[in-house]
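Listed below are the residues making up each chain.
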Amino acid sequence: MTPVTLQYGNVLEPQLGPDRGPDPSALEAGGDLCRRFEAAMAELHRLREAGELGFLDLPDDQALARQTGELADSFGQWFEAVVVVGIGGSGMGARAIAEALLGPFWNERSDEERDHFPRLYFLENADPDTTRELLDRLDLRRTLFNVVSKSGGTAETLAQYLIIEERLRSELGEEGVRGHLLFTTDPNAGALRELAGEREVPALPVPPNVGGRFSVLSPVGLLPAAVVGVDLDRLLEGARSMRERCLVPSLRENPAGLLATLLHAADVDRGQRVHVFMPYSDRLQGLALWFQQLWGESLGKRAPADGSPGAEAGTRDDGGVGPTPVAALGAVDQHSLLQLLMDGPRDKVVTFVRVRSRDEPLPIPRSHPHRPMLSRLGGHSLAELLDTELRATAEALRRGGRPSLTLEMDRLDAHGMGELFMLWQVAAILAGALYGVNPLDQPGVELGKRLTLGLLDPGGEERDAPPPDDPQWSV
Ligand code: PA5
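All of these numbers come straight from a predicted model, not from anything done at the bench.

Rules of the game
Residues numbered from 1 in each chain as written. Predicted model: local features only at pLDDT ≥ 70, side-chain atom pairs only at ≥ 80, totals over all residues. Heavy atoms only, no water. Pairing = 2+ DSSP bridges. Helix = DSSP H or I, 4+ residues; strand = E, 2+ residues; numbered from the N terminus. Axes fitted to C-alpha atoms, helices over the stretch in contact; angles between N-to-C directions. Buried < 20%, exposed > 50% of the residue type's maximum accessible area, 1.4 Å probe, protein only.

Focus: the sheet that holds strand S4 (residues 143-149)
- On the basis of which strands lie adjacent, the open sheet formed by five strands has the order S3-S2-S4-S5-S6 and parallel pairing. Edge positions in the sheet fall to strand S3 (119-123) and strand S6 (203-205), since each of these pairs with one other strand and no more. The sheet shows a mean angle of 20° between the axes of neighbouring strands, taken without regard to direction.
- In terms of strand pairing, strand S2 (residues 81-85) meets S3 through five bridges, oriented parallel. Residue pairing across strands places alanine 81 opposite arginine 119, the latter belonging to S3.

Section: the pairing of strand S12 (residues 404-409)
- For S12, a buried count of six out of six residues is recorded, marking the element as mostly surrounded by other parts of the structure.
- Because side chains alternate across S12, one face comprises the buried residues Ser404, Thr406 and Glu408, and the other comprises Leu405, Leu407 and Met409, equally buried.
- Note that strand S1 (residues 5-7) and S12 share three bridges and pair antiparallel. Bridging from a neighbouring strand, threonine 5 pairs with glutamate 408 of S12.
- Looking at chain direction, strand S11 (residues 348-355) and S12 are connected through six bridges and run parallel. Bridging across to S12, threonine 351 finds its partner in leucine 405.

As structure tokens, then:
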């Protein structure tokens, strides 16, 4: 099996033209980028030794994977639908796995076509339209709700839980509440853990040193995957093999090191601060959104203090650092974003994802011989068309001196997804070190949470609240 590969020639000067990208010598021992990478690797090892990078050990945790798989098996046969209730890192990874590996229209398939695995839904946003419409459509007697929150304190998820609990109680009685819930949360703390203990709701643990956006290979992603028959061993094996590649001390052999170092350099050395992630596969749209969260929440931080490793390189005029990640989709965004990528400001770098072979490439019929616009497409396939468009777009960007990277995978399978998840998580840690920020926290999200609680519960502990709207500024 061919591992995921990273093509990075199109960010370097020889391909892009004079002064459009780093000289390859910068990647060699003693080169500028190599030295930055080595400092970032040292920081990664420091964090690992301090026990902060729990995600790196998840692929080895056979006991946790087995516990998750067994619970999924015991539930799977009873339920016709499973709803994952979770937001941010507690929903996006599982959604990325499901979209990639189940393929489109899973929920529209018959029981036989799904091999009697359940339908799978995601409730992420606290949007009443989606939540009500979904709950009205489900047969609650045959539905399992997997409520996922690492902290057990996220307002959106807990509010949805309360609505679901009430529905279950009124339709199925008190016993029904318990039998239709499964929590995934911190092993020791938080409201969900307390409830699990009091009400005897089964609850899978998220290891304490695994944060939300780094939790896809914990029960957060594994339970929903297992419940619909994804091969957890292959997923974890892919992650394990990529981890080994990403811990190699030589930059030229380390795909996460190259991603992090080249994307960071694109930002801080060339002002290419918009990092576009553009798979050419509908099934990888969820992965693009997962990347967007991982990259944005891990790296968008206040500027590091003077004297810290990333202080000089990443500092912005306004005091913040971090690239702006953008989730795109090929070829759809060729008809939307590409004009901007080709001719707009030179502040972007694109990472394409290419899937080399498809189970069913879908041949395009040869017909209409007298209409060249139609006949030239015949004899090819949709897969070939999409792949050709990717290569043509990368080449067009290159000719304009605009950088891109390409991740290539043989086929979309559990092993490859495990590789991609591990690759980007390690890259996020290394990029955090390069920017000189803590990639594991998200202090900027806290104020919004406090203000929300202040508005919802003015008399409560959280008294912070926005002032009322000023009518002079409204029209
Ligand atoms: O990456 C993160 O830490 C966040 O995006 C969280 O996943 C998100 O806020 C949800 O948090 P929780 O899992 O505690 O409900």
